[in-house]
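Inside the fold
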Amino acid sequence: MNSLGALMELPAVRLALVALVLGSVSLPIVGVFVVGLDIMPVRFAMMHVALLGIAIGLLTGLDPLLCALVLCGLTGGALTPMARSDTGLSGAMGLLMTLAIAAALLVLSISGVNANGAFELLWGSILATHPRDVIVLAVLAVLVPVLYRLRRRDLALLLHDRELALCSGVAVERLTLVLLVVVAVAIASAIRLTGALLVDALTLLPALAARRVGRSLPAMIRWSVIFGLAFNLGGFLLALLFDFPPGPTLVVVGGLCTLLLHAIPSSSLLTRKDTH
Amino acid sequence: MSVSLRMLGVTCRHGTVTAVDRVDLDLAAGEHLAVTGTNGSGKSTLLRAILGLHRQTSGLIEVAGVRARGPADWTRRRGEVAWIPQRQAAGRFPLLVRELLASSGHTEQAVDAAEGLGVGGLLDRPLGQLSGGQLQRAYLARALGQVAAGAGMVLADEPTAALDFAGQEQVAAVLAALPVSVVVVTHDRAVVDVCGRVAEMAAGRLRETR
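Residues numbered from 1 in each chain as written. Chains lettered and ligands numbered in written order. Predicted model: local features only at pLDDT ≥ 70, side-chain atom pairs only at ≥ 80, totals over all residues.

1. Comments concerning the overall build of chain B
So the rule is basically this: Only DSSP runs of H or I reaching four residues or more are called helices, and only runs of E reaching two or more are called strands; each is numbered from the N terminus. With the radius of gyration taken over C-alpha atoms, the globule rule is written as 2.2 Å times the number of residues to the power 0.38. To assign burial, the other C-beta atoms lying within 10 Å of each residue's own C-beta are counted, with C-beta atoms placed from the backbone; 20 or more indicates buried, 12 or fewer indicates exposed, and intermediate counts indicate partly exposed. By the criterion used throughout, residues are in contact when their C-beta atoms, derived from the backbone, lie within 7 Å.
Per the secondary structure count, chain B includes 7 helices and 10 strands. Here the C-alpha atoms of chain B give a radius of gyration of 16 Å, agreeing with the 17 Å that 2.2 N^0.38 yields for 210 residues. The burial tally for chain B puts 46% of its 210 residues in the buried class. Considering only intrachain contacts with a sequence separation of at least 6, the fraction spanning at least 24 residues in chain B is 69%.

2. Description of the overall build of chain A
Each helix and strand in chain A was counted, giving 13 helices and 0 strands. Here the analysis covers contacts within chain A between residues at least 6 apart in sequence; of these, 75% occur between residues at least 24 apart.

3. Focus on the interface of chain B and chain A
One frequently used descriptor of interface size is the decrease in accessible area upon assembly of the parts. With 17 residues of chain B at the interface, the matching set in chain A holds 18 residues. Elements represented by at least two residues in the side of chain B that touches chain A include exactly helix H2 (71–80) and helix H3 (97–102) of chain B. If you tally residues by element for the side of chain B that touches chain A, the top one is H2 of chain B, at 3 residues.

4. Remarks on helix H4 (residues 64–78) of chain A
Here is the rule we go by: One less than the residue count of a helix, multiplied by 1.5 Å, gives the span that helix is expected to have.
Along its 15 residues, H4 of chain A runs 21 Å from first to last C-alpha, staying within 8% of the 21 Å computed at 1.5 Å per residue. Buried residues of H4 of chain A: Pro64, Leu65, Cys67, Ala68, Leu69, Leu71, Cys72, Gly73, Thr75 and Gly76 of chain A, and no others.

5. What to know about the pairing of strand S7 (residues 153–157) of chain B
Residues and elements named next belong to chain B. Spelled out, the test is: By the convention used here, strands pair only if DSSP detects at least 2 bridges between them.
Of all 5 residues in S7, 5 are buried; the element is thus mostly enclosed. Burial along S7 is two-sided: the residues Met153, Leu155 and Asp157 and Val154 and Ala156 are all buried. Bridge analysis of S7 against strand S8 (residues 181–185) gives 5 bridges, and the strand direction is parallel. Across the sheet, the residue bridging to Val154 is Val182, located in S8.

6. Concerning the environment of Leu99 of chain A
Residue and element names in this part refer to chain A. With respect to the element layout, Leu99 can be found in helix H5 (residues 88–111). Under the C-beta neighbour-count criterion, Leu99 is labelled partly exposed, with 15 such atoms within 10 Å. Measuring from C-alpha to C-alpha, the distance between Leu99 and Met82 comes to 15 Å, with 17 residues separating the pair along the chain.

7. Section: unusual backbone geometry
Residues and elements named next belong to chain B. You will see that Ala64, though not glycine, has its phi angle at about 55 degrees, which is positive. With respect to the helices, strands and loops of the structure, Ala64 is situated in the loop between strand S4 (57–63) and strand S5 (66–67). Assessed through the 17 C-beta atoms surrounding it within 10 Å, Ala64 is described here as partly exposed. A positive phi angle is found at Ala203, which is not glycine, with a value near 50 degrees. Counting through the fold element by element, Ala203 comes out in the loop between strand S9 (197–202) and strand S10 (205–208). According to the C-beta neighbour criterion, Ala203 is partly exposed, with 13 such atoms within 10 Å.

8. Remarks on the packing of helix H4 (residues 107–116) of chain B against helix H5 (residues 132–148) of chain B
Residues and elements named next belong to chain B. Heads up, the condition is: Each axis is a line fitted through C-alpha atoms, and for a helix only the stretch in contact is used; angles between axes span 0 to 180 degrees, taken between their N-to-C directions. Less than a right angle of anticlockwise turn of the near helix away from the far helix marks a crossing as left-handed, whereas a clockwise turn marks it as right-handed. Polarity classes work like this: nonpolar for Ala, Val, Leu, Ile, Met, Phe, Trp, Tyr, Cys and Pro, charged for Asp, Glu, Lys and Arg, and polar for all others, with Gly in that last group.
Between H4 and H5, the least distance of the axes is 8 Å, while the angle of their chain directions is 140 degrees. Crossing hand, H4 versus H5: right-handed. Of H5, the residues touching H4 (which contributes Thr107, Gln109, Ala110, Ala113 and Ala114) are Ala138, Ala141, Arg142, Leu144, Gly145 and Ala148. Broken down by class, the residue content of the contact of H4 with H5 amounts to 7 nonpolar, 3 polar and 1 charged.

9. Overview of the confidence of the model for chain B
Stated precisely, the cut-off is as follows: pLDDT is a residue-level measure of predictor confidence that goes from 0 to 100.
Taken over all residues, the pLDDT of chain B has a mean of 89, while the share at 70 or more is 96%. For this predicted complex, the interface score ipTM comes out at 0.87, alongside a pTM of 0.84.

10. Details of the nonpolar core
Residue and element names in this part refer to chain A. Condition: Only buried residues count toward a nonpolar core: Ala, Val, Leu, Ile, Met, Phe, Trp, Tyr and Cys, linked into one set through C-beta atoms within 7 Å.
Cys72, Val183 and Ile187 are the most contacted members of the largest nonpolar core, which has 154 residues in total. Of the residues forming this core, the biggest block, 13 residues, is contributed by helix H9 (residues 172–194). Residues in contact with Ile187, not counting those within four places in the same chain, are Val42, Arg43, Met46, Cys72, Val199 and Thr203.

11. Things to note about the packing of helix H7 (residues 131–160) of chain A against helix H11 (residues 217–242) of chain A
Their axes nearest at 10 Å, the elements H7 of chain A and H11 of chain A cross at an angle of 115 degrees. Between H7 of chain A, through Tyr148, Arg152, Leu155, Ala156 and Leu159 of chain A, and H11 of chain A, the contact on the second element is made entirely by Leu217, Pro218 and Ile221 of chain A.

12. Focus on the sheet that holds S7 of chain B
All names here are of chain B. Reading across the sheet, the 6 strands line up as S6-S7-S8-S3-S9-S10 and stay open at both edges, with mixed pairing between neighbours. Here the strands that pair on one side only, and so sit at the sheet edges, are strand S6 (81–84) and S10. Looking at each pair of strands side by side, their axes are set apart by 20 degrees on average, direction ignored.

13. Observations concerning the environment of Met8 of chain A
Mapped onto the secondary structure, Met8 of chain A falls in helix H1 (residues 4–8). In this view, Met8 of chain A contacts Val13 and Arg14 of chain A; residues no more than four positions away in its chain are not counted.

14. What to know about the pairing of S4 of chain B
When S4 of chain B meets S5 of chain B, the two strands line up antiparallel, connected through 2 bridges. Its bridge partner lying in S5 of chain B, Val63 of chain B is registered against Val66 of chain B.

15. Some details on the confidence of the model for chain A
Put simply, chain A has an average pLDDT of 83, and 88% of its residues get 70 or more. Predicted confidence in chain A is weakest over helix H13 (residues 266–270) of chain A, with a mean pLDDT of 63, and strongest over H11 of chain A, with 92.

16. Some thoughts on the environment of Cys72 of chain A
Residue and element names in this part refer to chain A. Here Cys72 shows up in helix H4. On the basis of neighbour count, Cys72 is assigned to the buried category, with 29 C-beta atoms found within 10 Å. Spatially, the C-alpha atom of Cys72 lies 9.6 Å from that of Leu180, the residues being 108 residues apart in sequence. Dropping the residues within four chain positions of it, Cys72 is found in contact with Met46, Val49, Ala50, Gly53, Ala184, Val185, Ile187 and Ala188.

Written out as structure tokens, the structure is:
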């Protein structure tokens, strides 16, 4: 077993810890939005869009990760009209995934850039956190809770039912646009931390666990942040202590805890379920 | 009496299917109209068109003399027209009865109405945990809150479908007492009886029978 004190002296570990705490404030809330908008495949879609952004960055000589972040944000906004279609945003994710990966491969092929180099940038690691990632996460840690705080009534209506929100004076189009951009940028940032395949640990798992115990949007938001902090810090400390790879450890801890919550009978949770 | 709702040549399509076919209707302020008809005859689509929720719509629809042309007009109209949908969304994401009532724009009145309709004790319950009848009463209470907040018309789509006989009578009495225009789609005799005008919808056409 490693000595936690000695590990905490390492700058990479400290930076990772800061990133995880900041990420645990905003990303689980984004996860609640993802669940509410019914766009679970968004992480796959954004992974493909991020790859396209990286390819464009490599082709043009611009910062590939910045290109990925910007392209994810723009794509999120461009998806807004699809929310009105019969297939909804869920269908749009499938379309986006296919188009983005095809475009990325095309750009990589045309530019002659090594595709493996582009793909490697997607396998993020919490221990390779860059100060720039921390800045993006810090911005999100302020922006996302403020967005929720200012628009919680509208968000509760929109996430429950789009037509009810429309008939309650909510600016549905504008709010959907903001949500999709925030979700896309947050997912792109989270991909940098844990890698594309493990991004659920930071977003969806806390949200899914929160849904089990929270009966209203405010309750779910609060629980998602609590679970996010517990899963991520617990998983990270475990990984440090036993020298496990951090990404998968975070997911296993979060996944098992979520599974455990779902294994508890609803009747036991119901008496304690939180509404406010 | 001023015209509250005017429809001229209103046609709504679902793809290539014509759900509402050249409907003309004038409803004076304060009038109550019951719309009956078989399933699939276009009744719900007609109501949704008034609120701009059905996109494939042509013809003229004016509420209080105003035709909605842009997003701001539609937002205003949705504030002027209270809406009781047929299939109330109850599950994708939790929403408390209290939050539903607050969305009416006049929480106090909506909560009072909920008390009167027997769902006042359910304010902290998510809509997904209500029975069909409780959900309909909650949406009716919301509509009453909207009227208190200034809505001049109520559109109700089968508001008694999940209620027992006593509930149907109660809701019919509440609708009858509303001082604003009402268009109610219904199969319920109790509701039809309290409306001054009755129209039947068949294959998208609206024909007044009373």
